[in-house]
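Examination of the molecular architecture
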Amino acid sequence: DRRLRETFKNGLPSGRYSSYLWDGMKIVGGGQGGIAIDAMYTMSATNTVLGDSTPKRLNFNSQEYDPQGTVTTGSSWAFTAPAAGVYFVLVNAPLSIGNGIDWVAADRADLSIQGAVGEVLCTWVGIAVEARPANLLLMGFRPIPLDAADVIYAQLVQDCGTDRNVDAAIANIVIGHV
């Protein structure tokens, strides 16, 4: 529960969500009833993303919260909507750019939700990075309308020519609904 609280405290966008408070496993506030959490998963193993624009389905293989069993883990990681509604998806996928490697103007990384929908959550393009160990924080938060049994998953694509790892220590996905 502590990690979930920290995720949303740091991960909610500013504006109308900034006044939301925790009430158990629900984010509440603004008189709108809140967001009930359906699933939260983290990574316990590194996910390597190829540098040749090959899409990588991220495997959040460590269950933190999933009372309805809505997630299939493994290389085909997916969330299946238990009912029709608007789902809120928050993904943190820090991409390690290594030691002494520059991220140059032509490089690009896209974090997206795929499956029943195709929603880009975050794009990093041409950011110069100092030659020292660093992560590009790829993070996104989106409301996504889903029908019952719709399947979605997080995907990362990067094209810098060098394989990169997602930092498993702080990567996570949280899915909830209103």
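Below or above, wherever it landed, is the structure these notes cover. Note that the structure is a prediction, hence the values are computed from the model and not measured.

The next subject is the pattern of salt bridges. According to the stated counting rule, one finds one salt bridge in the structure shown. Arg108 is the salt-bridge partner of Asp110, the closest N and O atoms lying 2.9 Å from each other. You can call Asp110 buried: its relative accessible area is 17%.

Next up on the list: the nonpolar core. Grouped together as the largest cluster of nonpolar side chains are 35 residues, with contacts concentrated most on Phe60 and Phe79. Among the elements that line this core, the one with the most residues is strand S9 (residues 85-96), at five residues. Contact partners of Phe60, with chain neighbours within four places excluded, come to Tyr41, Thr42, Met43, Thr73, Trp77, Val91, Asn92, Ala154, Ala171, Asn172 and Ile173. With seven residues, the next largest nonpolar core counts Ile35, Ile37, Leu90 and Phe141 among its residues.

Per the stated rule, a full pass over the model turns up four aromatic pairs. Seen from their ring centres, Tyr41 and Trp77 are 6.0 Å apart, and the 80° between their planes marks the pair as edge-to-face. Highlighted residues: Tyr41 in strand S3 (residues 35-42) and Trp77 in the loop between strand S7 (71-72) and strand S8 (78-80), separated in sequence by 36 residues. The exposure classification of Tyr41 matches that of Trp77, with both residues buried. In this structure an aromatic cluster arises from ring pairing among Tyr41, Phe60 and Trp77. For the cation-ring pair, Arg57 lies above Tyr153, with the distance from its terminal atom to the ring centre recorded as 3.5 Å.

Criteria and thresholds
- Residues numbered from 1 in each chain as written.
- Predicted model: local features only at pLDDT ≥ 70, side-chain atom pairs only at ≥ 80, totals over all residues.
- Heavy atoms only, no water.
- Salt bridge = Lys/Arg side-chain N within 4 Å of Asp/Glu carboxyl O.
- Buried < 20%, exposed > 50% of the residue type's maximum accessible area, 1.4 Å probe, protein only.
- Core = buried A, V, L, I, M, F, W, Y, C linked by side-chain atoms within 4.5 Å.
- Helix = DSSP H or I, 4+ residues; strand = E, 2+ residues; numbered from the N terminus.
- Contact = heavy atoms within 4.5 Å.
- Phe/Tyr/Trp six-rings, centres within 6.5 Å; stacked < 30°, edge-to-face > 60°.
- Lys NZ or Arg CZ within 6 Å of the ring centre and 35° of its normal.

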